[in-house]
Structure formats: C-alpha cells, structure tokens
Amino acid sequence: MEIINSGRFEPAPDGSANFTEHLSVPALSFGTYSIPAGAVDGQSPHAEDEIYVVTSGRASFTSGGVTIEVGPGTTLFVPAREEHRFHDVTEDLVTLVFFGPAYSGVPTS
C-alpha cells in the first residue's frame, strides 16, 4: 500500500496552471492539476486515456466539441488523442487526474 498526499491547490510558482504527478506505474498514473482562477489551461491532447475528478473550484470544460460547466464532484473521461481543455476558470480549480496507461508526457498534436 502507498498513501498519497494529493488534491491540494498548488499552482506553479508564477501563478500559472500546474500538474503534479504523484504516482506512476506502467498501467496508470495519478496526479493533481491545479488551475488558478483566470489562468489558461495550455495542455495538448495526450496519448493516454484520462479521467478528471474535480474536487474544488469552477470552470468550463470542452472536449470532443462539447462544452459543460464543471465543479466539485464532476468526473470526466477523455479518450486518448482528443482535444480538450478547461477554460473560463472562475474559482481556483483542483482536479485529480488519472491516466491509463501511465502518462508519457508526449503530446499527440
């Protein structure tokens, strides 16, 4: 067993969005993505399937041509290689992020 301290709001030192990976094994990886209110989500599509679980904050999310409002408790599945992003972040956003297989860091676009 491993106990992982995660899910806290931790933007990058310059106040921008920040992803912190907490665990990586071949089949999956897990991290926390923090996006300050008003900040930009500059991510590119990934080679891995991805699940987001919003734990705090509010924003809009667009993926696969569909836009929804997200807040605490929203869970999102994004298939590998699909363009997606958070935007219009109105409250500091914290999401738990799960990748399968483990996140490679290699953008697909």
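Residues numbered from 1 in each chain as written. Predicted model: local features only at pLDDT ≥ 70, side-chain atom pairs only at ≥ 80, totals over all residues. Heavy atoms only, no water.

A few points about the overall build of the chain
Next, step 1: Looking only at helices and strands, the chain has zero helices and six strands in total.
Next, step 2: Along the chain, helices (α) and strands (β) appear in the sequence β-β-β-β-β-β when read from the amino end.
Next, step 3: Relative to the 2.2 N^0.38 estimate, which gives 13 Å for 109 residues, the radius of gyration of the chain is 13 Å and therefore close to what a compact globule would have.
Next, step 4: The 109 residues of the chain split such that 34% are buried.
Next, step 5: Taking contacts inside the chain between residues at least 6 apart in sequence as the whole, the part at least 24 apart equals 65%.
Next, step 6: Accessible surface, the chain: about 5,700 Å² in total, of which carbon and sulfur atoms supply 57%. (Helix = DSSP H or I, 4+ residues; strand = E, 2+ residues; numbered from the N terminus. Rg over C-alpha atoms; globule rule 2.2 N^0.38 Å. Buried < 20%, exposed > 50% of the residue type's maximum accessible area, 1.4 Å probe, protein only. Contact = heavy atoms within 4.5 Å. Areas by Shrake-Rupley, 256 points an atom, 1.4 Å probe, with all protein chains shown as cover.)

Focus: the nonpolar core
Next, step 1: With 14 residues, the main nonpolar core has Tyr52, Phe61, Val70, Phe86 and Leu93 as its most contacted residues.
Next, step 2: By residue number, the principal contributor to this core is strand β6 (residues 84-100), which donates five residues. (Core = buried A, V, L, I, M, F, W, Y, C linked by side-chain atoms within 4.5 Å.)

Looking at a nonpolar patch on the surface
Next, step 1: Together, Ile51, Phe77 and Phe98 make up an exposed nonpolar region whose accessible area comes to about 270 Å².
Next, step 2: A relative accessible area of 32% places phenylalanine 98 in the partly exposed class. (Patch = residues over 30% accessible without salt bridge, like charges linked within 9 Å, V, L, I, M, F, W, Y side chains within 5 Å. Salt bridge = Lys/Arg side-chain N within 4 Å of Asp/Glu carboxyl O.)

Considering the packing of aromatic side chains
Next, step 1: Inspection of the entire model under this criterion finds eight aromatic pairs.
Next, step 2: An angle of 90° between the planes, with centres 6.1 Å apart, marks the rings of phenylalanine 19 and phenylalanine 99 as edge-to-face. Residue phenylalanine 19 is located in strand β1 (residues 18-25), and its partner phenylalanine 99 is located in strand β6; the two are separated by 80 residues in the primary sequence.
Next, step 3: A residue is classified by how much of its surface remains accessible, and phenylalanine 19, at 28% relative accessible area, is partly exposed.
Next, step 4: Phenylalanine 99 gets classed as buried once you look at its relative accessible area, which sits at 4%.
Next, step 5: Between phenylalanine 61 and phenylalanine 86, the ring centres sit 4.7 Å apart and the planes meet at 55°, which makes this aromatic pair tilted. (Phe/Tyr/Trp six-rings, centres within 6.5 Å; stacked < 30°, edge-to-face > 60°.)

A closer look at unusual backbone geometry
Next, step 1: Residue proline 101 follows glycine 100 across a cis peptide bond; omega there is -10°.
Next, step 2: Tracing the sequence through the fold places proline 101 in the segment after β6.
Next, step 3: For arginine 81, which is not a glycine, the phi torsion comes out positive at approximately 75°.
Next, step 4: Note on placement: arginine 81 falls in the loop between β5 (75-78) and β6.
Next, step 5: We classify arginine 81 as exposed; its relative accessible area is 55%.
Next, step 6: At aspartate 88, a position not held by glycine, the phi torsion is positive, near 50°.
Next, step 7: As for its position among the elements, aspartate 88 is in strand β6.

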